[in-house]
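Notes for the structure review
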Protein chains: 2
Amino acid sequence: MHLKSKILTTTDFEQMDNLFKKTFFNSLSGFKSVNLIGTLDKFGNTNLSIFSSIFHVGANPPLIGFIVRPDSVDRHTLQNILETEVYTINNIKQDFYIKAHQTSARYPKEFSEFKECGFTEFYSNSIKAPYVLESNINIGLQKKEIIKLELNGTIIVIGEVKEVLLPEDLVEGDGFVNHEKAESITCCGLDSYHTTNILSRLAYAKPNKLTQKLK
Amino acid sequence: MHLKSKILTTTDFEQMDNLFKKTFFNSLSGFKSVNLIGTLDKFGNTNLSIFSSIFHVGANPPLIGFIVRPDSVDRHTLQNILETEVYTINNIKQDFYIKAHQTSARYPKEFSEFKECGFTEFYSNSIKAPYVLESNINIGLQKKEIIKLELNGTIIVIGEVKEVLLPEDLVEGDGFVNHEKAESITCCGLDSYHTTNILSRLAYAKPNKLTQKLK
């Protein structure tokens, strides 16, 4: 047994205060992909919201997923995606993470977080959803699949990447997008923001060979 | 328009070399939660594999999801979860990230990555799946829902947290699990590993108030 550790079981979870429990489980599984999602409603009103549950689903076709909690303020984002079918994912740079966190406030639907939190929207010719000018990695997506989990009402939104806007020097020779160079941050839990320091990129692992550093 | 950026569209994606494309899209959405998942098959053989697509699904009940790609080596993990219904999620510390990456090699099913990659298994009294002793955050889960995406055959596994083993000093007063103190790492793409530096924890955001730092 792992003697140095405290063991928490379902009985302990049940006795946790609700906010403590939310904070504990939101941070339990580690650092997360955090981005701003930009949408338009059918009347053309913009919305911008921070999401920390974005995950890679596949490269061919290029698919990205994210989670919408049933009780969250992010429902405006989901409503807009259901109305207009397109959205943008924009990285969060170190120099504006505090403004990005502010988009999680419960603004009424008629308020745009672009204006309220000090972000600049821009549009490409092909995706009818607002990009964030302050970000340096902008991804335009089309909704492909919406899955509702029976377990707790959580919605998984899967979209196909239709467009990517980024400075060429962020893409390395093998296709790797260098988020550290982009000054992207990561987060943990509901409210903890972090910069990163690369340890190494590692070579493709093979059973008969010890892992090597790429550089 | 975002003049400093290169614009890549579906035409460009189609022209990408397959490996370039995989590397590009795997790293595009930012830093990820990376952990080791431990399982047993029905005969009691252990398996351990690195996963970088773990995401928070909910706190009440506590649910965590992860992605299994249809073409990946991680299928042993999925097979085992289908057989035994329980599994463990274990954080990756800076001092063993190279060994953790090595678990992604295509070992035959009869080989255990615990032995091949130098990890020590241990068991609690309640979860019949192997924990990683080298980790300092160990999560025991029970399978709850398996979802297959029609889009590309990807499988989403959702499990309920039944047990958490961790040193008490990693949990802050409000429930926040301090992964930086735990020396957990994050990753980007298929092979890039990073330590983190906290910028700040931020107070719950409210519409009529600018975001404040918690500490």
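Definitions and cut-offs
- Residues numbered from 1 in each chain as written.
- Chains lettered and ligands numbered in written order.
- Predicted model: local features only at pLDDT ≥ 70, side-chain atom pairs only at ≥ 80, totals over all residues.
- Heavy atoms only, no water.
- Pairing = 2+ DSSP bridges.
- Helix = DSSP H or I, 4+ residues; strand = E, 2+ residues; numbered from the N terminus.
- Axes fitted to C-alpha atoms, helices over the stretch in contact; angles between N-to-C directions.
- Polar contact = N/O pair within 3.5 Å; in protein donor to acceptor, adjacent residues only side chain to side chain.
- Contact = heavy atoms within 4.5 Å.
- 1 Å grid on protein atoms, 1.4 Å probe; cavity = no way out; pocket = protein on both sides within 12 Å on 5 of 7 lines; lining within 4 Å.
- Points joined across faces, edges and corners; volume = space filled by probe spheres on them.
- Nonpolar A, V, L, I, M, F, W, Y, C, P; charged D, E, K, R; others polar.
- Disulfide = S-S within 2.5 Å.
- Buried < 20%, exposed > 50% of the residue type's maximum accessible area, 1.4 Å probe, protein only.
- Phe/Tyr/Trp six-rings, centres within 6.5 Å; stacked < 30°, edge-to-face > 60°.
- Lys NZ or Arg CZ within 6 Å of the ring centre and 35° of its normal.

1. Quick word on the sheet that holds strand E12 (residues 192-201) of chain A
Taking strand neighbours across the sheet as the criterion, the 4 strands line up as E11(A)-E12(A)-E12(B)-E11(B) in an open arrangement whose pairing is antiparallel. The open sheet has two free edges, formed respectively by strand E11 (186-188) of chain A together with strand E11 (186-188) of chain B, since each of these has just one partner strand. Ignoring strand direction, the axes of neighbouring strands in this sheet form an average angle of 45°. Two strands pair when backbone bridges link them, and E12 of chain A and strand E12 (residues 192-201) of chain B are joined in this way by 9 bridges, in the antiparallel orientation. Across the sheet, residue Thr196 of chain A finds its bridge partner in E12 of chain B, namely Thr196 of chain B.

2. Regarding the side chain of Thr154 of chain A
Inspection of the secondary structure assignment puts Thr154 of chain A in the loop between strand E9 (138-148) and strand E10 (155-166). For Thr154 of chain A, the side chain forms a polar contact with the main-chain oxygen of Val57 of chain B, separated by 3.4 Å. Leaving out residues up to four positions away in the same chain, Thr154 of chain A has contacts with Ile67, Val68, Arg69, Pro70, Ile147, Lys148 and Leu149 of chain A together with Val57 of chain B.

3. Description of empty space enclosed by the protein
For the structure on display, the rule yields 2 cavities of 30 Å³ or more. By volume, the largest cavity is sized at about 40 Å³. Contributing to the lining of the largest cavity are Lys32, Ser33, Val34, Asn35, Asn91, Ile92, His179, Ser184 and Ile185 of chain A together with Ser29, Gly30 and Phe31 of chain B. Residue composition of the lining of the largest cavity, grouped by class: 4 nonpolar, 7 polar and 1 charged. Here the second largest cavity is characterised by a volume of approximately 30 Å³. Considering the residues around the second largest cavity, the lining is formed by Asp41, Asn45, Thr46, Asn47, His76, Asn80 and Lys109 of chain B. For the lining of the second largest cavity, the elements supplying multiple residues, two or more each, are strand E3 (46-51) and helix H3 (75-84) of chain B. Looking at side-chain class alone, the lining of the second largest cavity contains no nonpolar, 5 polar and 2 charged residues.

4. A few points about the state of the cysteines
All names here are of chain B. Counted under the stated rule, the structure contains 0 disulfides over all chains. Among the cysteines around Cys117, which has no disulfide bond, Cys187 carries the closest sulfur, lying 16 Å off. On the basis of relative accessibility, which here comes to 8%, the residue Cys117 falls in the buried class. Looking at Cys188, it has no disulfide partner, and the nearest cysteine sulfur is the one in Cys187, 7.1 Å off. Accessibility expressed as a relative area gives 1% for Cys188, which makes it buried.

5. Some details on the packing of aromatic side chains
A full pass over the atoms with the stated rule returns 17 aromatic pairs over all chains. Here the aromatic rings of Phe24 of chain B and Phe25 of chain B are separated by 5.0 Å at their centres, their planes lie at 85°, and the arrangement is edge-to-face. Ring centres of Phe96 of chain B and Phe119 of chain B lie 5.5 Å apart, and the angle between their planes is 80°; on these two criteria the pair is classed as edge-to-face. Placement of Phe96 of chain B in the loop between strand E6 (86-91) and helix H4 (97-102) and of Phe119 of chain B in the loop between helix H5 (113-117) and strand E7 (121-122) is noted, with a sequence separation of 23 residues between them. Assigned by exposure class, Phe96 of chain B and Phe119 of chain B land together as buried. One aromatic cluster is present, formed by Phe13, Phe20, Phe24 and Phe25 of chain A through successive ring pairs. One residue, Lys99 of chain B, lies across the ring of Phe119 of chain B, its end atom 4.7 Å from the ring centre.

6. Thoughts on the environment of Ile198 of chain A
Assignment of secondary structure puts Ile198 of chain A in strand E12. Taking relative accessible area as the criterion, Ile198 of chain A reaches 41% and is therefore assigned partly exposed. The residues touching Ile198 of chain A, leaving out its near neighbours within four places in the chain, are Glu180 of chain A together with Ser192, Tyr193 and His194 of chain B.

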